[in-house]
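Listed below, chain by chain, are the residues.
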Amino acid sequence: MTPYSRFRLISTTAAAALIAGGLCAVWPLLAGMIAAATGGVTAAYTAFVAVAALLSVVAFLTLSEAVFPALFQLPFLRRMVLGRHYVEGTWLQAERGPSGSERLTVLHIRPAGAGYDLSGYSLNQESEIESNRMVEYTKLDGPVLFHAYRSLMPDGAGNQARGTSELMFEQRRGAPKAYSGYGEPVGGRRYQIEGVKLTRWSERRRLRKLDQRADIVETYWNLFFGAAASEVQDMAYEPPAVRRPVIVEAAKPAFVERRNPDRAMSEDGPVITRRRASDWRSEDATPTADRIRARMLEAEEGVEEDDEDLLLEEEIEDDPARGRRRARV
């Protein structure tokens with residue numbers, strides 16, 4: 001039992017229930033009226049009963065073969081009946097050949113009574129129709145759709161005009177939105193298939209118009225076949241240069257620079273003046289800083305006195321007479 005067998009089962013059951021319920025409701029009254037009109041159970045009564053039975057059969061056939069199938073053409077009713085097996089709609093599939101050939105195929109699955117109708121056409125990158133696909137045999141077995149097709153190709157290629165395709169729809173709780181599979185032309189090699197469902201009415205409308213078809217083809221062509229180009233662009237990407245501050249000696253600082261006043265200012269970036277510990281000690285006015293400066297001065301004076309004594313000793317060694325005169329003074 002396929003998912004599409006539910007339509008016939010529902011139509012038959014609903015029509016039989018309506019006819020049986022109607023007969024049960026009106027037959028006692030109708031039988032009394034017929035018996036009163038014919039004078040009892042006579043030949044005329046039997047003829048009226050036969051006519052009523054014939055009318056009931058006609059009503060049953062009308063309901064099950066015409067009324068309910070017409071109602072089941074409504075999309076929301078078909079979606080309710082088929083459930084997660086609802087695959088009808090417009091599909092756009094990408095076909096990748098073994099020799100690197102690429103093309104898009106538009107596949108239409110339309111409702112047809114208690115079944116469906118399958119047709120499609122193939123497009124190239126320039127949005128030109130390469131072939132029209134006529135389906136000769138189709139079978140839906142669970143999530144797998146198998147069909148044999150015949151393509152009307154403008155170049156008259158005989159071996160590629162016929163082929164088979166097997167598609168497997170995605171498994172999900174709701175109606176599927178994508179499928180994958182393969183196709184195999186007669187006398188050729190298999191090619192990969194990946195398809196998505198066009199759920200937007202605006203996309204389906206633009207696909208039917210010749211002047212707007214190129215936009216849809218370009219968009220989905222880039223989605224299916226444009227992955228390699230995007231990877232190359234990502235590999236060629238270079239990060240922007242970052243300007244970092246340069247630490248240099250300032251030419252004209254706010255205070256008196258004693259280290260190198262002739263050094264030029266750098267123009268590569270913002271200037272951050274480097275200061276030494278002596279600069280901080282010269283500007284510090286705390287008592288601790290005063291004591292430190294006093295000790296430094298005493299140390300410098302002590303060094304100068306030691307230098308003078310050393311110089312006097314050297315002069316005495318060179319000229320003892322000069323040493324005696326200096327000592328007398």
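Before reading on, note that the structure itself is shown above.
Below: a short report on this structure. Predicted model only: the values in this text are computed from it and were never measured.

The rules behind these values
- Residues numbered from 1 in each chain as written.
- Predicted model: local features only at pLDDT ≥ 70, side-chain atom pairs only at ≥ 80, totals over all residues.
- Heavy atoms only, no water.
- Phe/Tyr/Trp six-rings, centres within 6.5 Å; stacked < 30°, edge-to-face > 60°.
- Helix = DSSP H or I, 4+ residues; strand = E, 2+ residues; numbered from the N terminus.
- Buried < 20%, exposed > 50% of the residue type's maximum accessible area, 1.4 Å probe, protein only.
- 1 Å grid on protein atoms, 1.4 Å probe; cavity = no way out; pocket = protein on both sides within 12 Å on 5 of 7 lines; lining within 4 Å.
- Points joined across faces, edges and corners; volume = space filled by probe spheres on them.
- Nonpolar A, V, L, I, M, F, W, Y, C, P; charged D, E, K, R; others polar.
- Polar contact = N/O pair within 3.5 Å; in protein donor to acceptor, adjacent residues only side chain to side chain.
- Axes fitted to C-alpha atoms, helices over the stretch in contact; angles between N-to-C directions.
- Contact = heavy atoms within 4.5 Å.

### Examining the packing of aromatic side chains
Taken as a whole and assessed by the stated rule, the structure comprises 10 aromatic pairs. With a centroid separation of 5.0 Å and 45° between ring planes, the pair formed by tyrosine 4 and tyrosine 116 is classed as tilted. Of this pair, tyrosine 4 sits in the segment before helix H1 (5-38) while tyrosine 116 is found in strand E3 (residues 115-123), placing the two residues 112 residues apart along the sequence. A relative accessible area of 7% means that tyrosine 4 is categorised as buried. Residues tryptophan 91 and phenylalanine 169 carry aromatic rings whose centres are separated by 5.4 Å and whose planes lie at 65° to one another, so their mutual orientation is edge-to-face. With tryptophan 91 in strand E1 (residues 89-96) and phenylalanine 169 in strand E6 (residues 162-169), this residue pair connects regions lying 78 residues apart in the sequence.

### A closer look at the layout of surface pockets
Using a probe with the size of a water molecule, rolled over the atoms, empty space left in the structure can be pinpointed. What the second largest pocket holds in volume is close to 360 Å³. Lining the second largest pocket we find 18 residues, and of these Pro75, Tyr86, Glu88, Gly89 and Lys197 sit closest to its centre. Put simply, the parts of the chain that give the lining of the second largest pocket at least two residues each are helix H3 (75-82), E1 and strand E2 (102-112). The dominant element in the lining of the second largest pocket, judged by the number of residues it contributes, is E2, at 4 residues. For the lining of the second largest pocket, the per-class residue count stands at 6 nonpolar, 5 polar and 7 charged.

### Digging into the side chain of serine 119
Note that serine 119 resides in strand E3. A polar side-chain atom of serine 119 sits 3.0 Å from a polar atom in the side chain of arginine 110.

### Describing unusual backbone geometry
Positive phi outside glycine occurs at serine 127, with the angle close to 65°. Take serine 127: it is sitting in the loop between E3 and strand E4 (129-141). Taking the relative accessible area as the measure of exposure, serine 127 reaches 12% and is therefore buried.

### What about the packing of helix H4 (residues 201-208) against helix H5 (residues 213-225)?
To describe two helices that pack against each other, one gives the angle between their axes and the distance between the axes. Axis separation between H4 and H5 bottoms out at 7 Å; the angle between their running directions is 120°. Taken together, the residues of H5 that come into contact with H4 (itself represented by Glu203, Arg206 and Leu207) are Arg213, Asp215, Ile216 and Tyr220. Residues of the contact of H4 with H5, tallied by class, amount to 3 nonpolar, no polar and 4 charged.

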